[in-house]
Amino acid sequence: MAEMNDIYEKVMDVARRRGFVWPSSEIYGSVAGFIDYGPLGAMMKRNIENLWRSFYIVQEGYYEIECPIIGPETIFVASGHVKEFADIMIQCPQCGEYLRADHLAAEHGIEGAGALPAEAFREVLYELPCSACGERLGDTDVVSFNLMFETTIGPGSQRRGYLRPETAQGIFTDFPRLLRFYRDKLPFGVVQIGKSYRNEISPRQGMIRLREFSQAEAEIFVHPDEKRHPAFHRYADYKAPLLTIPQQLENKPPLTTTMRAAVDAGLIANEYVAYFIALTHRLLVEIGVDPARLRFRQHLTDERAHYAEDCWDAEVYSGRFGWVEVVGIADRTDYDLQAHARHSGTSMTVFIPYDEVKRVKRRRIVPDMGMLGPKFRGRAKAIAEALVASDPGKEGVTVVVDGEEIFIPADLYQVREEEVEVRGEEVVPHVIEPSYGIDRMLYVVLEHAYAEEMVGDEVRTVLRLPPAVAPVQVAVFPLMNRDGLDVIAQQIAGTLAQHGIIAQYDDSGAIGRRYRRQDEIGTPFAVTVDYDTKEDGTVTIRDRDSMEQVRVSIDALPATVCSLISGTTTFRKLRA
RNA sequence: GCAUCGAUGGUCUAGUGGUAUGACUUUGGCCUUCCAAGCCAAUAGCCCGGGUUCAAUUCCCGGUCGAUGCACCA
């Protein structure tokens, strides 16, 4: 059995025992990379997602959509996932070891081999030694192991489909409808929370690398020339620790600076990216990430996707896993919309009207088809098209059709000078994408919340979860399980439930044991009914972190608990 | 995916070719006027499949999961 030697073991022990996270399909043998959220885990996950919603939907005004998890092959051909989201692997014929073929080639100084056609690639590999057994590889089959789960849609037809590797593609494919929904104006944002799937080769790290995971993604569509955020002032003075590219190269610690300063100094590409770095910092701290163990690391140029203009990861320090990426914030430019426009033939542009209608003089060439047709017959159409794009001189113009130079005299076309009104232009928006890994967020919050402290000579295990994410918000106990105290306590629990508070009644065992049980699952407050309650109608509220108590009247209890949970008041203020 | 090691109630564990020890937890009862107290009782376990054997939790093979190393990680 694993020793309880590190924080991960301790956190996961509590998580398993108390019903946060379990191995999935355990009774039939669990499968790596899949987990079940138990009663408390599901509650906490929902709390995190709802806090996320309060940032993105309530504050930012972005709307949420829900797309299918399974998509037809064409979506992922267009997005590049079919081609790019794969590892190129070979199996050594001698020892049977699976190897990353492109990495093997790179080890021997052959860069970019992964881009070669399969046949050429095999020839490159032919002479190379296997990195496992050292034998010459010889004939191998180059197979590409795609990280997407494949499936078929419908019976018989065997139409190929994939489980989405990110929720983003659904938002991109809905872009024309979303644009209409937002009444054809930029900028606008759309969010989606849901499951995504990646068939990881080796999902070792518990909750950190899952094959099925939850994402919360936002796609903000902006004008490519307008990357100033209209509400940037909200976060302009917000400070966050930034590990920029130069700092990584020079091995320096993060630089804590305001978003305004970071954008002005060119450390962050634009206000949008900076805005979401700051927003993410606030959000992560609010769900319970320790700000001292949070930083934003800029992707190195060779690390970020070729199309991305700038990309930052929110990284949280884990005692077990080191710095863990929990959020990615990228300026994806127009890559995705261009790709879907190209593959689907659907326009992915926004019409941006000019402030004033521009009158533009332009020269239009009108081929005289009555003359061209009889003269050039089959080639007439191609010649006409070439004419339209040409810049004719006085006598005529020479156009090139199918490699042949043809002189067209001026009487075979007209040149018209005309003035047209241009009311605006079609623009493919750029996309700013903050993408959150909910499962990783939940794990790091558990890890940062986990604490052991000595109380007398006993160890107290406590999850210092923020009230907003704690799965149980308040516990209600009768001090004694008699004299009607239990009845009063049950009534109180019912009243709190009516106010939308997740309250747990518990009358089992000594009062101290009940407090400890709630400490371990992070319940921030406990209400205890004692003999004074019968005298004066007051109960105690006990604070999880300080273990101190304060008396309040039963009448004031729901409002008091509500404001404690929402953070409009604190326990400390209540005691004062 | 490869190599090494491991897997016993919910948790931590003792132990064994003849189905298993203790503690904690949980549940019920007694007791108890605020932080895992005490007493009584109960529930509950040898990862899965195959082989060897009269008999396998134990030995062998395969698998699953976990740890570690390698490889991998938009």
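What you see is a predicted model; the values in this text were computed from it and never measured.

J.: Which parts of the structure should I look at to understand the pairing of strand S22 (residues 450-455)?
T.: The side chains of a regular strand alternate, residue by residue, between the two faces of the sheet. Across 6 bridges, the pairing between S22 and strand S23 (residues 458-463) is antiparallel. Across the sheet, residue Ala-451 finds its bridge partner in S23, namely Val-462. Counting the residues between successive antiparallel strands, the hairpin from S22 to S23 contains 2 residues, one of them, Gly-456, with a positive phi of roughly 65°.

J.: Can you help me understand the sheet that holds strand S26 (residues 525-529) in this one?
T.: Remark on secondary structure: sheet strands pair via backbone hydrogen bonds, oriented parallel or antiparallel. The 5 strands are arranged S25-S24-S26-S27-S28 in an open sheet whose pairing can be described as mixed. Each edge of the open sheet is held by one strand with a lone partner, namely strand S25 (503-505) and strand S28 (549-553). Across the sheet, the mean angle from the axis of one strand to that of its neighbour is 25°, orientation sign disregarded. Of the strand pairs in this sheet, S26 and strand S27 (residues 538-543) are connected by 4 bridges, and their pairing is antiparallel. The partner of Phe-525 across the bridge, within S27, is Asp-543. Contacting strand S24 (474-478), S25, S26 and S27, helix H16 (residues 485-498) runs over the sheet at an angle of about 160° to S24.

J.: What should I look at first to understand the packing of aromatic side chains in this one?
T.: Two aromatic rings are characterised by how far apart their centres lie and by the angle between their planes. Enumeration over the complete set of coordinates arrives at 23 aromatic pairs. Ring geometry for Tyr-235 and Tyr-238: centres 5.8 Å apart, planes at 75°, overall edge-to-face. Members of the aromatic cluster, each reached through a chain of ring pairs, are Trp-52, Tyr-56, Tyr-235, Tyr-238, Tyr-275, Phe-276 and Tyr-436. Between the NZ or CZ atom of Arg-295 and the centre of the ring of Trp-323, over which it lies, the distance is 3.9 Å. Sitting above the plane of the Tyr-354 ring, Lys-358 keeps its charged end 4.0 Å from the centroid.

J.: Sorry, what's going on with the sheet that holds strand S8 (residues 150-153) here?
T.: Taken in spatial order, the 3 strands make up an open sheet running S4-S9-S8, and their pairing is antiparallel. In this open sheet, the two edge strands, each paired with only one partner strand, are strand S4 (70-72) and S8. Strand-to-strand twist of the sheet, defined as the mean angle between neighbouring strand axes without regard to direction, takes the value 45°. As judged from the 4 bridges shared by S8 and strand S9 (residues 159-163), these two strands associate in the antiparallel manner. Along S9, the bridge assignment pairs Thr-151 with Gly-161.

J.: Help me out: how do you make sense of a negative patch on the surface in this one?
T.: A cluster of like negative charges, contributed by Asp-225, Glu-226, Glu-425 and Glu-426, occupies part of the molecular surface. Summarising the element assignment, Glu-226 is placed in the loop between strand S11 (212-222) and strand S12 (239-243). Accessibility expressed as a relative area gives 44% for Glu-226, which makes it partly exposed.

J.: I'm lost on helix H1 (residues 7-18) in this one. Help?
T.: Residues spaced three or four apart along an α-helix face the same direction, because each turn holds 3.6 residues. Between the first and last C-alpha of H1 there are 16 Å, a value that for 12 residues agrees with the 16 Å anticipated at 1.5 Å per step. Every buried residue of H1 is accounted for by Tyr-8, Glu-9, Val-11, Met-12, Val-14 and Ala-15. For H1, the secondary structure elements touched by its buried residues are strand S1 (21-23), helix H15 (438-449), S22, S23 and helix H17 (511-520). Positive phi shows up at Gly-19, right after H1, with a value of about 90°.

J.: Before we go on, may I ask you to explain the pattern of salt bridges in this structure?
T.: If the charged atoms of two oppositely charged side chains come close together, the side chains can form a pair. Going through the model one piece at a time under the given rule, you end up with 35 salt bridges. A salt bridge links Asp-264 to Arg-260; its shortest N-O distance comes to 3.6 Å. Remark: Arg-260 and Asp-264 occur in helix H10 (residues 259-264); sequence separation between them is 4 residues, near one turn of the helix. Between Arg-544 and Asp-545 there is a salt bridge; the shortest N-O distance is 2.8 Å. Given the relative accessible area of 3%, Arg-544 is considered buried. Asp-545 gets classed as partly exposed once you look at its relative accessible area, which sits at 35%.

J.: Would you explain unusual backbone geometry in this entry?
T.: Peptide bonds are, in most cases, trans, and in most cases residues other than glycine have a negative phi. Across the junction of Leu-186 and Pro-187, the peptide omega takes the value -10°, indicating a cis bond. Tracing the chain through its elements places Pro-187 in the loop between helix H8 (175-181) and strand S10 (188-197). For Asn-251, which is not glycine, the phi dihedral falls at a positive 60°. With respect to the helices and strands, the residue Asn-251 is situated in the loop between helix H9 (245-249) and strand S13 (255-258). On the basis of relative accessible area, Asn-251 is assigned to the exposed category, the value being 72%. Positive phi outside glycine occurs at Asp-483, with the angle close to 55°. Judged by relative accessible area, which is 40%, Asp-483 ranks as partly exposed.

The rules behind these values
- Residues numbered from 1 in each chain as written.
- Chains lettered and ligands numbered in written order.
- Predicted model: local features only at pLDDT ≥ 70, side-chain atom pairs only at ≥ 80, totals over all residues.
- Heavy atoms only, no water.
- Pairing = 2+ DSSP bridges.
- Helix = DSSP H or I, 4+ residues; strand = E, 2+ residues; numbered from the N terminus.
- Axes fitted to C-alpha atoms, helices over the stretch in contact; angles between N-to-C directions.
- Contact = heavy atoms within 4.5 Å.
- Phe/Tyr/Trp six-rings, centres within 6.5 Å; stacked < 30°, edge-to-face > 60°.
- Lys NZ or Arg CZ within 6 Å of the ring centre and 35° of its normal.
- Patch = residues over 30% accessible without salt bridge, like charges linked within 9 Å, V, L, I, M, F, W, Y side chains within 5 Å.
- Areas by Shrake-Rupley, 256 points an atom, 1.4 Å probe, with all protein chains shown as cover.
- Salt bridge = Lys/Arg side-chain N within 4 Å of Asp/Glu carboxyl O.
- Lys, Arg positive; Asp, Glu negative; His and termini not counted.
- Charge placed at Lys NZ, Arg CZ, Asp CG, Glu CD.
- Buried < 20%, exposed > 50% of the residue type's maximum accessible area, 1.4 Å probe, protein only.
- Expected span 1.5 Å × (residues − 1).

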